[in-house]
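Here are the chains, one letter per residue:
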Amino acid sequence: QTVNWAPVNYRDGAPTGSIRLATGGCDNSVRVWRCENEAWMEENPRFPYSHTDWVRDVAWRPDSTSSVLATGSWDQSVVIWTQEMEGQAWRQVCKLQLNGK
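Per-chain numbering applies: the sequence of each chain, read as written, is numbered from 1 onward. Reporting of local features is limited, given that this is a predicted model, to residues whose pLDDT is at least 70; pairs of side-chain atoms are given and counted only at 80 or more, and all residues count toward the totals for whole chains, interfaces and linings. As a rule here, side-chain values come from all non-hydrogen atoms in the structure, and water together with hydrogens is ignored.

## Remarks on the pattern of salt bridges
- By definition here, a salt bridge exists when the distance from a side-chain nitrogen of Lys or Arg to a carboxyl oxygen of Asp or Glu is within 4 Å. Tallying each qualifying case throughout the model produces eight salt bridges.
- The salt bridge involving Glu36 is made with Arg34; its shortest N-O contact spans 3.3 Å.
- Taking the relative accessible area as the measure of exposure, Glu36 reaches 34% and is therefore partly exposed.
- For Arg34, a relative accessible area of 14% corresponds to the buried category.
- Between Arg34 and Glu43 there is a salt bridge, with its nearest N and O atoms 3.7 Å apart.
- The network of salt bridges with shared partners includes Arg20, Arg34, Glu36, Glu43 and Glu86. Each residue is assigned to one of three classes by its accessible area relative to the maximum for its type, calculated with a 1.4 Å probe on protein chains only: buried under 20%, partly exposed between the two thresholds, exposed over 50%.

Here you go:
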């Protein structure tokens, strides 16, 4: 399992948007969770399956105003995802196949 907090954007000194985190796991899936009213819930729509083995790392692009996420798996691939606006579907931008160990 892996987890990574989404960067927080600020406007006039106050945070904007939702508190979110991304997880990857042994079921080959990537999930994004949002905290609303002190309760965590999985965002919908879900990520499409792209990895064929454990997702071992998830990382948000720290300086992006849109949501950009990279996921790495034991299937030796890295997938870059983007979401134009919260609540919309995540779209696979590219998939890098890595060779070697």
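## Some thoughts on the sheet that holds strand E5 (residues 30-36)
- Paired strands, as defined in this entry, are two strands with at least two bridges between them according to DSSP. Strands are runs of DSSP state E lasting at least 2 residues, helices are runs of H or I lasting at least 4, and numbering of each runs from the N terminus. With respect to topology, four strands assemble into an open sheet ordered E1-E4-E5-E6, the strand pairing being antiparallel. The open sheet has two free edges, formed respectively by strand E1 (2-5) and strand E6 (39-42), since each of these has just one partner strand. Ignoring strand direction, the axes of neighbouring strands in this sheet form an average angle of 25 degrees.
- Relative to E5, strand E4 (residues 19-24) runs antiparallel, the two sharing six bridges. Across the sheet, residue Ile19 finds its bridge partner in E5, namely Cys35. Axes here refer to lines fitted to C-alpha atoms; in helices the fit is confined to the stretch in contact. Angles between the N-to-C directions go from 0 to 180 degrees.

## Focus: the sheet that holds strand E9 (residues 77-83)
- Read across the open sheet, the four strands follow the order E7-E8-E9-E10; overall the sheet is antiparallel. Two strands close off the open sheet at either side, each with one partner strand: strand E7 (55-60) and strand E10 (91-97). With direction set aside, neighbouring strand axes in the sheet form an average angle of 20 degrees.

Read these as spatial facts, not as claims about activity.
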